[in-house]
Every structure is written in structure tokens, then in C-alpha cells.
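Single-letter residue listing:
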Amino acid sequence: MAILVTGGAGYIGSHTCVELLNAGHEIVVLDNFINSNPESLNRISEITGCMFKTYSIDLLDKEKVDQVFEENDIEAVIHFAGLKAVGESLSIPLHYYHNNITGTVVLCEVMKRHNVKKLVFSSSATVYGIPKQCPISEEFPLSALNPYGRTKLMIEEILRDLYVSDNAWSIALLRYFNPIGAHKSGLIGEDPNGIPNNLMPYITQVAVGKLKELSVFGNQYPTKDGTGIRDYIHVVDLAVGHLRALDKVSNSTGIDAFNLGTGKGYSVLEMVEAFEKASLKKVHYKIVDERHGDAAVSYADPLKAKQELGWVAEKSIEEMCEDSWKWQMKNPNGYKNRIVDEENLHKVNSGDFFILN
Ligand code: WQD
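Structural notes, computed from the coordinates. (Residues numbered from 1 in each chain as written. Predicted model: local features only at pLDDT ≥ 70, side-chain atom pairs only at ≥ 80, totals over all residues. Heavy atoms only, no water.)

1. A short note on the pattern of salt bridges
Moving on, step 1. In total, this model carries 15 salt bridges according to the counting rule given.
Moving on, step 2. When the shortest N-O distance is used, the salt bridge between Glu276 and Lys282 registers 3.3 Å.
Moving on, step 3. A relative accessible area of 19% means that Glu276 is categorised as buried.
Moving on, step 4. By relative accessible area, Lys282 is classed as exposed at 54%.
Moving on, step 5. Note that Arg291 and Asp294 form a salt bridge whose closest N and O atoms lie 3.0 Å from each other.
Moving on, step 6. Salt bridges sharing partners connect three or more residues here, namely Asp66, Glu70 and Arg113. (Salt bridge = Lys/Arg side-chain N within 4 Å of Asp/Glu carboxyl O. Buried < 20%, exposed > 50% of the residue type's maximum accessible area, 1.4 Å probe, protein only.)

2. Structural notes on the site of the ligand
Moving on, step 1. Residues in close proximity to the ligand total 19 residues, the closest being Ser124, Leu199, Ser215, Arg230 and Asp294.
Moving on, step 2. Isolated, the ligand exposes 690 Å² of accessible area, and the fraction of that covered by the protein chains is 89%.
Moving on, step 3. Ranked by the residues each element gives to the shell around the ligand, the list is headed by strand β8 (residues 214-217), at four residues.
Moving on, step 4. Here the shell around the ligand is composed, by residue class, of eight nonpolar, seven polar and four charged. (Near = heavy atom within 4 Å. Areas by Shrake-Rupley, 256 points an atom, 1.4 Å probe, with all protein chains shown as cover. Helix = DSSP H or I, 4+ residues; strand = E, 2+ residues; numbered from the N terminus. Nonpolar A, V, L, I, M, F, W, Y, C, P; charged D, E, K, R; others polar.)

3. Observations regarding helix α1 (residues 11-22)
Moving on, step 1. Here α1 spans 17 Å end to end across 12 residues, near enough to the 16 Å set by a 1.5 Å rise per residue.
Moving on, step 2. With 11 of its 12 residues buried, α1 lies for the most part within the structure.
Moving on, step 3. When α1 is considered as a whole, its buried residues turn out to be Tyr11, Ile12, Gly13, Ser14, His15, Thr16, Cys17, Val18, Glu19, Leu20 and Leu21.
Moving on, step 4. Just past α1, the residue Gly24 takes up positive phi, approximately 95°. (Expected span 1.5 Å × (residues − 1).)

4. Regarding the pairing of strand β1 (residues 2-6)
Moving on, step 1. Here β1 lies mainly inside the structure; five of its five residues are buried.
Moving on, step 2. Neither face of β1 is exposed, since Ala2, Leu4 and Thr6 on one face and Ile3 and Val5 on the opposite face are all buried.
Moving on, step 3. Two elements, β1 and strand β2 (residues 26-30), share five bridges in a ladder whose sense is parallel. Bridge pairing in β2 links Ala2 to Glu26.
Moving on, step 4. Handedness of the crossover is the feature at issue here: the chain leaves β1, passes through α1, returns alongside β2, and the resulting connection is right-handed. (Pairing = 2+ DSSP bridges. Right-handed = clockwise from strand over helix to strand, strands pointing away.)

5. Some words on the sheet that holds strand β14 (residues 297-298)
Moving on, step 1. The sheet built from three strands is open, its strands ordered β12-β9-β14 with mixed pairing. At either end of the open sheet lies a strand with only one pairing partner, and these are β12 (266-267) and β14.
Moving on, step 2. Of the pairings in the sheet, the one linking strand β9 (residues 229-230) to β12 comprises two bridges and is antiparallel in character. The partner of Arg230 across the bridge, within β12, is Tyr266.

6. What to know about empty space enclosed by the protein
Moving on, step 1. Under the criterion given, the structure shown has two cavities of 30 Å³ or more.
Moving on, step 2. Lining the largest cavity are Tyr11, Ile180, Gly181, Glu190, Met200, Pro201, Thr204, Ser324, Trp327 and Gln328.
Moving on, step 3. Those elements that provide at least two residues to the lining of the largest cavity are α7 (199-207) and α11 (317-330).
Moving on, step 4. Considering only residue class, the lining of the largest cavity consists of five nonpolar, four polar and one charged. (1 Å grid on protein atoms, 1.4 Å probe; cavity = no way out; pocket = protein on both sides within 12 Å on 5 of 7 lines; lining within 4 Å. Points joined across faces, edges and corners; volume = space filled by probe spheres on them.)

In C-alpha cells:
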């Protein structure tokens, strides 16, 4: 029996694959590599010493998705695959709706056909919109501020309807706060395409000299230093949260949402200071206008995940900064450092999937 990890070559997906393999699970990765690099799969094997199958296909290709379930004994799915750039979603909303929503519907239709009804879905704290207060609990009102956030919200609703139509499903909706950091080996990490949208990869690229200075989006918010406050969570803590959610959906039916955050908020300038301390590198910055749609403050109430998943984020902000810097320092150009060597990829059967050695 294997766990299918869609988007398994991505930032959170790759870290979750490492934890799954280390916990003894068999995995199958499905990825179209639009937002990721196959090199991350080599690195997963390097870290864990484990081999696994990868299908280089798109969730919109229903026939090929069905082939994955025909060829493998899938017991559950952790579904990361999706486009996730807030700004980009504003300029190409239809692409986001089609890719994220239709892709998820196709996945669920194929799962249903093969009687696989255990699903962990990668949602986001963005479904809370601009929270009226913090800490944010799962019962807070939901709203979305951009097409990316709306795809997450709509998929949560689609999955709720799916459960109402068939109570045999078991679904966990994981609402991530702000994932940062990297595996302690420095072999896998966040490798954004182009100029980073998010704070930490921007900071690390300034520190490594790829970008000149950080633009701090506003310092007039009602916070301790005027800059935005977020709940940063180590990506390895987040990955472990997926294994706890997998345990939950494997032993029950139903659908439920869980915040995956630390419950602590840090401002942008506090993050700059923490990173400088961890990396011993100066991060030059300038204050610019607020970014449209940004909340002043957002951090989680993580109690429900503690009580129902037995999960608590453990890593400190210092560790998050140290591990982010180690990844960036070892991989100044991300995975593009080591172009995937085609000889290393054994093409098997129709070439629709390959096993990395
Ligand atoms: C964090 C803080 C910015 C960049 C979004 C999505 C969420 C998830 C994570 C996909 C804010 C400030 C940022 C910069 C800055 N995305 N900032 N200069 O906006 O909380 O969450 O990304 O999964 O769903 O909503 O994260 O890292 O962009 O911003 O000052 O160059 O850093 O204003 O206060 P955000 P972020």
C-alpha cells in the first residue's frame, strides 16, 4: 500500500515525502514540475536512502492519473499539487481555477473510481481573509481576497460536498500559516520561480547576494514596530503535521479543518533581525508602501491540531532562519545548481514515470 503525494517535488511536498519515507511509508509521487524541479526527488532519495516511483504527469490528464491508481496500490492521497502565487492568480485567474479546482476534481473522481477515500488536502490560512482578531481558530469566518485564496476556499467546499454525498470519505483540510525553513541537510528547500513573492526566500536571496535589498511592505500597521505580523512555521514541523493528519484520516471518516501554525506571531523586522543573527549576514531593506490585500496581523490558534492530531510545532524561529540560510547558502541558484542528469533518470515502460537512482 502506498501514499500518493501530488506535488511531491515541491517545497512542502518534498519535505513531507522525506518524513513519510523516514516513517516507513511507501510513496508514489505525481508532479508536472511546473513549479518544481525533478532534482528535488534525487535529494529526497539522498536524504532517506529510499527509492520511489514518480509520475511526471498533470492532474488534468485524467487517463494518466487513472494509470497511477491502476499501477499502484494507493491507500491514501496527500494533495499538494496546485498553483500558489497570490499575485499571479490576480492576472490569470481562469488558469488558477482550472488548474487548482479541475485538477482536484479529476483527482477525487479517480480516487472514487478506485475506492480510495482518504485525503489530506493542502489548504491555507489565506481562507481566513483579513482576520478580525488573532489568534485565528478554525471556526473563524472564511473569505478569500484573491483567486489563489478562492481556489483553496472553493476546494474546501467541494470536499465538504463530496463527504456529504458519501460518508465513507475521510478528509483533512490543513490550513498552513507561513511555512519557512528547510531540511537540516540543506539538500531540499524553497526554490521559487523568478523573484520570490514571500518574505523568507526574498531575505535569503538578499543575504546570498542574488537580490539587492528587501522591500518591507509598510511600517504603519498597528503592530509593535509597524510591520506586518505572521505565524512562521518550520516546513519540517508542517511536514510532520501531514503525517499526523494521515494517521487521522486512516483511522476515521469525516472531514475537518486544522490550523498548522505555531500560535506565535513575528513582525517583518523581527524576522530580518532573527535571520541576521542566525546567518551573520546583513539584510539591507527599505520601507515601501503596503502590499494590497495584506493583513496587518495573522497567527494561528493551533489548539485543535494539538488535541485532535496530537501535533505541535516544535522548531524555533532561530532554527527556521538557520535552516533557510543553510539551504540558500548550499544552493545559491536553488535546484538549478545541479541540472538533472538525464542518465540518472531511468525511463521505465512508456516513459510516463521514472525511478530515480
Ligand atoms: C509575509 C509578511 C508581507 C514579502 C502568502 C499567502 C499564503 C501562502 C504564504 C502560498 C507580510 C511581508 C513579504 C516582501 C515584505 N502562500 N513581506 N516584503 O502574504 O502572509 O502569505 O504566502 O501558499 O497563502 O497568502 O506571506 O511571505 O508574502 O508575507 O515585507 O518582499 O512579509 O507584507 O507581512 P503572506 P508573505
